[in-house]
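# Commentary on secondary and tertiary structure
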Amino acid sequence: GAVVSQHPSRVICKSGTSVKIECRSLDFQATTMFWYRQFPKQSLMLMATSNEGSKATYEQGVEKDKFLINHASLTLSTLTVTSAHPEDSSFYICSASPPQGAFYNEQFFGPGTRLTVL
Amino acid sequence: AQRVTQPEKLLSVFKGAPVELKCNYSYSGSPELFWYVQYSRQRLQLLLRHISRESIKGFTADLNKGETSFHLKKPFAQEEDSAMYYCARYLISSGSARQLTFGSGTQLTVLP
């Protein structure tokens, strides 16, 4: 299959600071990546679709100035949580789809990043 | 809205018993449906998709358009099947990105 990594796996920060989370496709190029948020014992909620070379598409209710997404290359998308507050504490997961090949259009998920804002 | 509903948050069965995890979807043309599994401390991974009509780890799922259901079944549950299971579908959109929407998940526990 295809491998997606995330860094860091967990981060603790103070309220008011910004945190950057990286999502990388390790063995394929991804023109599109997705960012999800998962609260404890709840489902994954799509936050935004990250498009290489263009602006991200945010889901309704997601503040684009709060959650900055940059898809700088075909293997890297970053999510920056700006001026983080305790309510932003959550599990953030990214996914990516190979654009071609045997796993075309199948979404592969990263291991997730646990963000705790104090 | 293109919803996916999993009515059971928790499901417990004994080892060797049959298991069925329910999933219903809101009708919208020809959906593409999936089951994802998340074992403890591991990432989400694809279990099976309806278009493949495959059996993975003994699990099968049949799309029933009349009942708008895509229930996941296994005739004999094993302890290692204990995990969180999510039903998901591709959202139908005009763009090229294939967005997934997930059900709320069912935590399956297989008791010894």
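Refer to the structure printed above.
The following refers to the structure shown. (Residues numbered from 1 in each chain as written. Chains lettered and ligands numbered in written order. Predicted model: local features only at pLDDT ≥ 70, side-chain atom pairs only at ≥ 80, totals over all residues. Heavy atoms only, no water.)

## Comments concerning the state of the cysteines
Stated precisely, the cut-off is as follows: Note on terminology: disulfide denotes any pair of cysteine sulfur atoms within 2.5 Å. Counting from the N terminus, the helices are DSSP H or I runs at least four residues long and the strands are E runs at least two residues long. Burial here depends on accessible area, computed with a 1.4 Å probe over protein chains only, as a share of the maximum for the residue type. Under 20% is buried, over 50% is exposed, and the range in between is partly exposed.
Taken as a whole, this structure holds 2 disulfides over all chains when the rule is applied. Disulfide partner of A:C23: A:C94, at an S-S distance of 2.0 Å. Looking down the S-S bond of the A:C23 and A:C94 bridge, the torsion is 80 degrees, so its handedness is right-handed. Residue A:C23 is located in strand β3 (residues 19–25), and its partner A:C94 is located in strand β9 (residues 90–96); the two are separated by 71 residues in the primary sequence. Between the sulfur atoms of B:C23 and its disulfide partner B:C87 the distance amounts to 2.0 Å. Sign of the S-S torsion, about -65 degrees for the bond between B:C23 and B:C87, identifies this disulfide as left-handed. Placement of the pair is B:C23 in the loop between β3 (19–21) and β4 (24–25) and B:C87 in strand β9 (residues 83–90), with a sequence separation of 64 residues. Each member of the pair, B:C23 as well as B:C87, carries the same accessibility label: buried. Of all cysteine sulfurs in the structure, the one in A:C94 sits closest to A:C13, which takes part in no disulfide; the separation is 18 Å. Classification of A:C13 by relative accessible area gives buried; the value is 9%.

## Brief notes about the sheet that holds strand β8 (residues 72–74) of chain B
Residues and elements named next belong to chain B. Here is the rule: Two strands are counted as paired when DSSP detects at least two bridges linking them.
Taking strand neighbours across the sheet as the criterion, the 3 strands line up as β3-β8-β7 in an open arrangement whose pairing is antiparallel. In this open sheet, the two strands that pair with only one neighbour each are β3 and β7 (60–61). Bridge count for β3 against β8 is 3 bridges, and the pairing is antiparallel. Bridging from a neighbouring strand, E20 pairs with K73 of β8.

## Section: the layout of surface pockets
A water-sized probe rolled over the atoms picks out the places where empty space is left. In plain terms, the rule: In the cavity and pocket records, a cavity denotes points on a 1 Å grid over the protein atoms alone where a 1.4 Å probe fits but cannot get out, a pocket denotes an open set with protein on both sides within 12 Å along at least 5 of 7 lines, and lining residues are residues with an atom within 4 Å of a point. Grid points are joined across faces, edges and corners, and a volume is the space filled by probe spheres set on the points. Polar here means any residue other than Ala, Val, Leu, Ile, Met, Phe, Trp, Tyr, Cys and Pro, which are nonpolar, and Asp, Glu, Lys and Arg, which are charged; Gly is therefore polar.
Taken as a whole, the largest pocket holds about 820 Å³ of empty space. As for the largest pocket, its lining consists of 26 residues, and the residues nearest its centre are A:Q38, A:R114, B:Q38, B:S40 and B:R41. Split by residue class, the lining of the largest pocket holds 9 nonpolar, 11 polar and 6 charged. One number sums up the size of the second largest pocket: a volume of about 590 Å³. Lining the second largest pocket are 26 residues; nearest its centre among them are A:L44, A:M45, A:L46, A:E59 and B:T101. Those elements that place two or more of their residues in the lining of the second largest pocket are β5 (44–51) of chain A together with β1 (4–5) and β10 (100–102) of chain B. It is β5(A) that provides the largest number of residues to the lining of the second largest pocket, a total of 4 residues. Grouping the constituent residues of the lining of the second largest pocket by class yields 12 nonpolar, 10 polar and 4 charged.

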